[in-house]
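# Structure assessment
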Amino acid sequence: MDKNLYNFDVVIIGAGHAGVEAAYAAARRGSKTAMVTLTEQKIGYMPCNPAIGGIGKGHIVFEIAALGGLMPELCTKTYLQVRMLNTTKGPAVHGLRLQIDKNAYSKESQRRLKETPNLTIIEAMAEELLINDEKIIQGVRLADGRILNSPTVVLTTGTFLNGLVHIGLENYPSGREDEKPVIGLAKSLRDLGLALGRLKTGTPPRLLRESLDFTKMIKQESDPLDYLFEFYPHTTTTKLDCYITHTNEQVHDIIKENAHLSRILRKEISGIGPRYCPSIEDKITRFPEKTSHQIFVEPESLTSDWIYPNGLSTSLPLEAQTAYIQAIKGFENAVIVRAGYAIEYDFVLPNQLKQTLEVKAVPGLFLAGQINGTTGYEEAAGQGIIAGINASLTASGEPPFIIDRTEGYIGVMIDDLTTLSVDEPYRMFTSRAEHRLTLRQDNAFLRLTERAYKIGLIPEQLYQDFFAEKKQIEETLHELRTTKTHTELIHGFADNTKPQETVAALIGKKLSPRACQTIQASIKYAPYIERETLEVEKLKKHQTMRLPLDFNYLATDGLSIELRQKLTRHKPETIAQASIIPGMTPAALSLLILKIKILQKQGA
């Protein structure tokens, strides 16, 4: 055999968060898997904010845990601080968020993958996709001439496809942080006839910890929790603190004075930036009435002096970055150890993919992560595990694995991407899920672990422990509903005691905090879940209802700013057309139906 030829079942290109999950899933299923990365030292690297989770995003990580993925385990081993967001609202929209030690996370990613059977890590640049005459994937050619033969390939190239970094008016080709961009694969994708677009993201300057005055900032307290993303309990500790400070009018004036030096504000960047994570230049331009913006001051690692000022993403020149940074309270003597920058890159319009994340026109080729127009480690990892699973299943001739949008946030995300495509970087929010009352953090294992076990992703002991908890939940709910009225149960969970204390008081049993949370939510949300189901049925009846072309969406209270803008731009003629606009929700459609009915009555 030619020494330059290697045979695999699955080849993963890229070792970011999508690549890590894809490789781990495929190898765990027994597929002979190769992961191609420019450098092993950057496996699982966090080029932007070293944090995982949050509202909506945290749901994805819980689902990755339920599918046997690696990210939740890495989080438990490497977190610095723990917070549960949105706790003033119901459990369906809570969001676990962890500040992560980025150096430890990357090292632990490397260690776990190197120890994973069936996985070979190859340091190289992937140069070309190999396709036969029927446009079926055959493998990958590396820049050094080696050929990796494989019936499936998963591309997880992040921001590397024709990446271009901007700092001030200067720019240069780069994948991220002075790493080489990927040029050959971008050409391969275009040669296949795939439609590509251009997106932009950015990062703030990094600050030297010793140069900051934390006494002038607000300390952000950690939350004591019994669980993180994994199935098994974990008592949390705080290893490094996070803080909050704010911009001010002086900061805004400095940025305005330097606006002519920003390619973003000069509209000289073709890539579309993320709506919900804009640069500080964008914020000040879009919200001129605001005199202050919140900045989260977050550590990057126990082994690093770098601080991440979350909320100050920028592409201004270094001199301007220094000037506005030092005008912020607590940053007066701040030293910038790395300048912030913007990066634009190619992506593949995701409506060209199946729900398995396989390219419709190229059997065997799967895409996951930012190449599909998403933003965020969590969204990338959620796609990565699905792409890895399906590449492995395809290689072994087995049926595909698809998560429906009624089954999980990963399903919502993939359905949005493949059905609606994207016109800006996609980020997960709980509002994107019609069935979010049933797609909670606490019941992710109940929703997905059984399915993951059947395709070989869940260890036997974990499955047995999961099954025992599932049985406890079912038996307890049955006992409560047959011995108590719904009013009594709601009253029992209405006070400020923890769910496990309430369950213990009601039935005299002590269950896990997660099981009790699930029991509480199942009881609390029961009538709303029924109403939610009826709401979806109602929407189906109004698909042909016509929307006036002169309807004033911008003045419609109850719609998000994002939806007002998109409805105004697209001008849908019917409710059916409005329903496929990215980000549209059943609640928003119900509001539109109500408004149209009111207009019809007024015109009668």
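Look up: the structure comes first, before these words.
Now for a look at the structure at hand. Predicted model, so just to flag it, every value in this text is computed and none were measured. (Residues numbered from 1 in each chain as written. Predicted model: local features only at pLDDT ≥ 70, side-chain atom pairs only at ≥ 80, totals over all residues. Heavy atoms only, no water.)

### Here's the deal with the packing of aromatic side chains
The condition that has to hold: A pair of Phe, Tyr and Trp rings is counted when the ring centres sit within 6.5 Å of each other, with Trp represented by its six-membered ring. The angle between the planes then sorts it: under 30 degrees is stacked, over 60 is edge-to-face, the rest tilted. Secondary structure elements are taken from DSSP: a helix is a run of H or I of four residues or more, a strand is a run of E of two residues or more, and numbering for both begins at the N terminus. Relative accessibility thresholds used throughout: buried, under 20% of the residue-type maximum; exposed, over 50%; partly exposed, between the two (1.4 Å probe, protein chains only). Definition used: whenever NZ (Lys) or CZ (Arg) falls within 6 Å of the ring centre and also within 35 degrees of the ring normal, the charge is taken to sit over that ring.
Under the definition given, this model contains eight aromatic pairs. With centroids separated by 5.0 Å and ring planes inclined at 70 degrees, the aromatic side chains of Phe62 and Phe229 adopt a geometry described as edge-to-face. Taken as a pair, Phe62 in helix α2 (residues 57–66) and Phe229 in the loop between β16 (218–220) and β17 (242–246) lie far apart in primary sequence, 167 residues in all. Note on Phe229: relative accessible area 0%, which makes it buried. Taken together, a centroid distance of 4.8 Å and an interplanar angle of 40 degrees make the contact between Phe214 and Tyr243 tilted. Of this pair, Phe214 sits in the loop between β15 (206–208) and β16 while Tyr243 sits in strand β17, placing them 29 residues apart in sequence. The structure contains a cluster of three or more aromatic residues connected by ring pairs, namely Tyr453, Tyr463, Phe466 and Phe467. Sitting over the ring of Tyr45, Lys42 keeps its end group 4.7 Å from the ring centre. Across the ring face of Phe231, the terminal group of Arg514 is positioned such that the distance to the ring centre comes to 4.2 Å.

### Details of the layout of surface pockets
Keep this limit in mind: Two kinds of site are reported from a 1 Å grid over the protein atoms alone, namely cavities, where a 1.4 Å probe fits but cannot get out, and pockets, open sets with protein on both sides within 12 Å along at least five of seven lines, and residues are called lining when an atom falls within 4 Å of a point. Grid points are joined across faces, edges and corners, and a volume is the space filled by probe spheres set on the points.
A volume near 970 Å³ is recorded for the second largest pocket. Residue lining of the second largest pocket: 31 residues in total, with Met84, His94, Pro499, Gln517 and Gln520 positioned closest to the centre. Taken together, the elements giving at least two residues each to the lining of the second largest pocket come down to α14 (499–507) and α15 (513–524). Looking at which element gives the most residues to the lining of the second largest pocket, the answer is α15, with six residues.

### Thoughts on the pairing of strand β3 (residues 33–37)
Stated formally: Only when DSSP finds a minimum of two bridges between them are two strands counted as paired.
Most of β3 is tucked away, with five of its five residues classed as buried. Of the two faces of β3, the one lined by Thr33, Met35 and Thr37 and the one lined by Ala34 and Val36 are each fully buried. The pairing of β3 with strand β7 (residues 119–123) spans five bridges and is classified as parallel. Opposite Val36, over in β7, you have Ile122 as the bridge partner.

### Some points on the sheet that holds strand β1 (residues 5–7)
Rules: Axis geometry follows a simple rule: fit a line to the C-alpha atoms, using only the stretch in contact for helices, then measure angles between N-to-C directions, giving values from 0 to 180 degrees.
Taken together, four strands build an open sheet; the order of strands is β1-β10-β9-β8 and the sheet is mixed. Unpaired on one side and paired on the other, β1 and β8 (126–131) mark the two borders of the sheet. Ignoring strand direction, the axes of neighbouring strands in this sheet form an average angle of 25 degrees. Inspection of the sheet shows β1 paired to strand β10 (residues 147–149) by three bridges, in the parallel sense. Bridging from a neighbouring strand, Asn7 pairs with Asn149 of β10.

### Quick notes on the sheet that holds strand β4 (residues 51–53)
Taken together, the three strands give an open sheet; going across it, the order is β4-β6-β5, and neighbouring strands pair in antiparallel fashion. One side of each edge strand has no neighbouring strand; the edge strands of this open sheet are β4 and β5 (79–85). Averaged over all neighbouring strand pairs, the angle between strand axes comes to 20 degrees, with direction disregarded. Examined bridge by bridge, β5 and strand β6 (residues 95–100) share six bridges and lie antiparallel to one another. Note on β6: the bridge partner recorded for Val82 is Leu98.

### Points about the nonpolar core
Quick reminder of the rule: In plain words, nonpolar cores are sets of buried Ala, Val, Leu, Ile, Met, Phe, Trp, Tyr and Cys residues tied together by side-chain atoms within 4.5 Å. We call two residues in contact whenever any of their non-hydrogen atoms come within 4.5 Å of each other.
In this structure, Ile52, Leu129, Leu155, Leu189 and Leu365 are the most contacted members of the largest nonpolar core, which totals 111 residues. Sort the elements by how many residues they give to this core and helix α9 (residues 377–395) lands first, with nine residues. Among all residues touching Leu365, those that are not within four sequence positions of it are Leu129, Ile137, Val153, Leu155, Leu189, Leu192, Leu357, Glu358 and Val359. Ile254, Val297, Ala320 and Ala334 belong to the second largest nonpolar core, which has 22 residues in total.

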